[in-house]
Amino acid sequence: FLLCLTCGAIWSATDPVAVVGLLKELGASPTLTVQIQGESLLNDGTSIVLYSVAYSMLKGKTYGVDSVIVELCRSVLGAVALGIVIGLIFNTWIHLAANRFEHSSALIQVSLTICCSYCSWMT
C-alpha cells in the first residue's frame, strides 16, 4: 500500500500544458489561463509534500493527520520565506548592476534573473 501511495503522489501532479494551449487557441480570457496555471502550481506543491510524506512512511516513519498538515504548512511557509529572501537579494543585485553598468544592463539583468531561478530551484 505504501509503495502505491508513493507512486500515486508522483503521478498526481497535473500538467496544464494541453489545457492552456487549448484555451489560448480558443481565445479564452487571460485571467482563466493564469488561474489554471496557478492551480497547477498548487497541485505540484501538494504532490511534492505528499511524496515526501509517503516516501518517509515507506522507509518506516509513522505520520498522523496532524503531522501531515504541519508538514504541508511548513513546506508552504518555508517556500514563501525562501522566495522572498532570494527575490530581495537578486532584486537588490539587479538594481546595483543596472546603476553601475548602464551600457549592458539588459544582459546583466537577464543573466541575474536566470541565476535567481536556478538558485531558488537548487535550494
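Keep in mind the model is a prediction, meaning the values are calculated, not measured.

### Here's the deal with the overall build of the protein
No. 1: A tally of helices and strands in the protein yields 5 helices and 0 strands.
No. 2: Reading the protein from its N terminus to its C terminus gives the helix and strand order α-α-α-α-α.
No. 3: A compact globule built from 123 residues would reach a C-alpha radius of gyration of about 14 Å, whereas the protein, at 19 Å, exceeds it by more than 25%.
No. 4: Expressed along its principal axes, the backbone C-alpha trace of the protein runs to roughly 60 × 40 × 20 Å.
No. 5: For the protein, long-range pairs separated by at least 24 residues make up 51% of all intrachain contacts whose partners lie at least 6 apart in sequence.
No. 6: For the protein, the accessible surface area stands at approximately 9,100 Å², while carbon and sulfur atoms represent 71% of it.
No. 7: A gap of 12 Å separates the mean positions of the 5 positive and 7 negative side-chain charges of the protein.

### Considering the confidence of the model for the protein
No. 1: The pLDDT averaged across the protein works out to 82; a share of 94% of its residues lies at or above 70.
No. 2: Across the protein, helix H1 (residues 2-11) holds the top mean pLDDT of 86, while helix H5 (residues 105-122) sits lowest at 80.

### Comments concerning the pattern of salt bridges
No. 1: One pass over the structure, following the stated rule, counts 1 salt bridge.
No. 2: Between Glu 71 and Arg 74 there is a salt bridge whose closest N-O contact spans 2.7 Å. With Glu 71 and Arg 74 both in helix H4 (residues 65-100) and 3 residues apart, this pair spans about one turn of that helix.

### A word on the packing of aromatic side chains
No. 1: Tallying each qualifying case throughout the model produces 2 aromatic pairs.
No. 2: Ring geometry for Tyr 51 versus Tyr 55: centroids 5.8 Å apart, planes at 20 degrees, classification stacked. Placement of the pair is Tyr 51 and Tyr 55 together in helix H3 (residues 30-58), with a separation of 4 residues, close to one helical turn.
No. 3: Its relative accessible area of 36% is what places Tyr 55 among the partly exposed residues.
No. 4: Measuring from ring centre to ring centre gives 5.4 Å for Phe 90 and Trp 93, while their planes differ by 45 degrees; the resulting arrangement is tilted. Taken as a pair, Phe 90 and Trp 93 lie in helix H4 at a separation of 3 residues, close to a single helical turn.

### Structural notes on a nonpolar patch on the surface
No. 1: A surface patch of nonpolar side chains, about 650 Å² in accessible area, is lined by Leu 3, Ile 10, Trp 11, Tyr 51, Tyr 55 and Leu 58.
No. 2: Mapped by element, the contributors of at least two residues to the nonpolar patch are H1 and H3.
No. 3: Turning to its location among the elements, Leu 58 is positioned in helix H3.
No. 4: By relative accessible area, Leu 58 is classed as partly exposed at 36%.

What counts and what doesn't
Residues numbered from 1 in each chain as written. Predicted model: local features only at pLDDT ≥ 70, side-chain atom pairs only at ≥ 80, totals over all residues. Heavy atoms only, no water. Helix = DSSP H or I, 4+ residues; strand = E, 2+ residues; numbered from the N terminus. Rg over C-alpha atoms; globule rule 2.2 N^0.38 Å. Contact = heavy atoms within 4.5 Å. Areas by Shrake-Rupley, 256 points an atom, 1.4 Å probe, with all protein chains shown as cover. Lys, Arg positive; Asp, Glu negative; His and termini not counted. Charge placed at Lys NZ, Arg CZ, Asp CG, Glu CD. pLDDT = per-residue confidence, 0-100. Salt bridge = Lys/Arg side-chain N within 4 Å of Asp/Glu carboxyl O. Phe/Tyr/Trp six-rings, centres within 6.5 Å; stacked < 30°, edge-to-face > 60°. Buried < 20%, exposed > 50% of the residue type's maximum accessible area, 1.4 Å probe, protein only. Patch = residues over 30% accessible without salt bridge, like charges linked within 9 Å, V, L, I, M, F, W, Y side chains within 5 Å.

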